[in-house]
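Okay, here's what each chain looks like letter by letter:
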Amino acid sequence: MTEEIGAKLTPEGSAPLPDEDILRLKSDFKEFCGALETEEDNAGDVYEKWAGSPSVRLSNLTPFEFIKKYVGAPPDLNRYENLVLSMLSDPVCSVPGSVLDDFFGCCNDPAGWRESLLEECLDRIGNDSGDTSESTLILIYKLSELSSDYSGKIFNKFLSTAEKLMPVNGECASELLTLPVCCCENGFEKTLELLSEKAEQSGAHDDIRIKMLAVACVSGKKDDRLYVLLRSLVKRTDIFDDNIKLYFMMVRDYGDPRAVSFMRTKVGRMKEVYDGLDGRDGAAKKLFDAAYLGDGVIRSLGGEGYF
């Protein structure tokens, strides 16, 4: 089954067109969601509630029962795969966890299925046409939510795809870079190794690595290498550089109180320079805004500010 994945996607990178039964399922889900009015209705896993709720639209079967009848016994894996792909690539619908568990239980290699499909989608985005259709991106994001142990091969695939995409669609490339840090095996560790190696070689970080650093800072994980990278960025960045505010925000997101020391040094220097400038000057105003932001970061980390 894994070997046939590439043939399952359309040239646009989505699932084959849904048949009438799959359309009925999608329509039923939208109708089910439309009837959720109270906070209690929306509590918990809405997809699982839907999967277990009998529906007139589905001949009084639950969606899960309808799906089991649709794929047959023993299940027709091609039909099951088409259904799952169609639901996963839909911007509104998705696949309940119980249905996915059942589908994966029918696969010889569920992890291989996910990885092969994800690689196929990344290939489409990274080709010369740069396919960034909504269905392809939705499928990538949903596949990334299904597993936390994609291989190092996929980690590198995310990076190479983002590098190709960055010159033509920086926003999409940046969004894509949140995934290798969080969804690949040892993704956080691999990210720190990559960033540290780049810093040792040139001290410079391109857009790809800056985005990965930002994601690492909000991951909730701590590592002295990450602290060192942030300290180095703040210390060596010119006080008039547009990126200084971004680095201050990364320090805030990382949340290490030790950063108060180097932040006070930097902000103190910025305030000193500002005090010698004409406050009406554009560069002075820009410097003040950055210093004031840095001062807020110092206070958020428990330090004493200047303003």
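Our subject is the structure that appears above.
Computed from a predicted structure; not experimentally measured.

Calculation criteria
Residues numbered from 1 in each chain as written. Predicted model: local features only at pLDDT ≥ 70, side-chain atom pairs only at ≥ 80, totals over all residues. Heavy atoms only, no water. Phe/Tyr/Trp six-rings, centres within 6.5 Å; stacked < 30°, edge-to-face > 60°. Buried < 20%, exposed > 50% of the residue type's maximum accessible area, 1.4 Å probe, protein only. Lys NZ or Arg CZ within 6 Å of the ring centre and 35° of its normal. Salt bridge = Lys/Arg side-chain N within 4 Å of Asp/Glu carboxyl O. Helix = DSSP H or I, 4+ residues; strand = E, 2+ residues; numbered from the N terminus. Axes fitted to C-alpha atoms, helices over the stretch in contact; angles between N-to-C directions. Parallel < 35°, antiparallel > 145°, perpendicular 65-115°, else oblique. Contact = heavy atoms within 4.5 Å. Nonpolar A, V, L, I, M, F, W, Y, C, P; charged D, E, K, R; others polar.

Student: Even after reading the chapter, I still don't get the packing of aromatic side chains, so can you show me in this structure?
Tutor: The geometry of an aromatic ring pair is captured by the separation of the ring centres together with the interplanar angle, meaning the angle of the planes. Under the criterion given, the structure shown has 11 aromatic pairs. Centroid distance F104 to W113: 5.9 Å. Interplanar angle 65 degrees. Geometry classified as edge-to-face. Judged on exposure class, the residue F104 and its partner W113 are both buried. A connected cluster of aromatic rings, assembled from ring pairs, spans Y80, F103, F104 and W113. The ring centre of Y70 lies 3.9 Å from the NZ or CZ of R79, which sits over that ring.

Student: I tried to follow the pattern of salt bridges on my own but got confused; where do I start?
Tutor: For side chains bearing opposite charge, pairing can occur when the charged atoms are close. Enumeration according to the criterion identifies 18 salt bridges in this entry. Residue K157 pairs with D123 through a salt bridge whose shortest N-O separation is 2.3 Å. Placement of the pair is K157 in helix α10 (residues 152–165) and D123 in helix α8 (residues 110–126), with a sequence separation of 34 residues. Because the salt bridges share partners, they merge into one network encompassing E189, D223 and R225.

Student: Help me understand the packing of helix α5 (residues 63–71) against helix α6 (residues 77–88) in this model?
Tutor: Between two packed helices, what matters for the description is the angle formed by their axes and the separation of those axes. In contact at an axis separation of 8 Å, α5 and α6 are set at 140 degrees when each is read in the N-to-C sense. Of the possible angle classes, the one that applies to α5 and α6 is oblique. Together, I67, Y70 and V71 of α5 and R79, Y80 and L83 of α6 make up the contact between the two elements. Taken together, the residues of the contact of α5 with α6 sort by class into 5 nonpolar, no polar and 1 charged.

Student: I would appreciate a short explanation of the environment of L88 in the present structure.
Tutor: Within the secondary structure layout, L88 lies in helix α6. Residue L88 is classed as buried on the basis of its relative accessible area, which comes to 1%. Taking the C-alpha atoms as reference points, L88 and I140, separated by 52 residues in sequence, lie 9.2 Å from one another. With sequence-adjacent residues up to four places away left out, L88 is seen in contact with S94, V95, W113, I138, L139, K142, L143 and L146.

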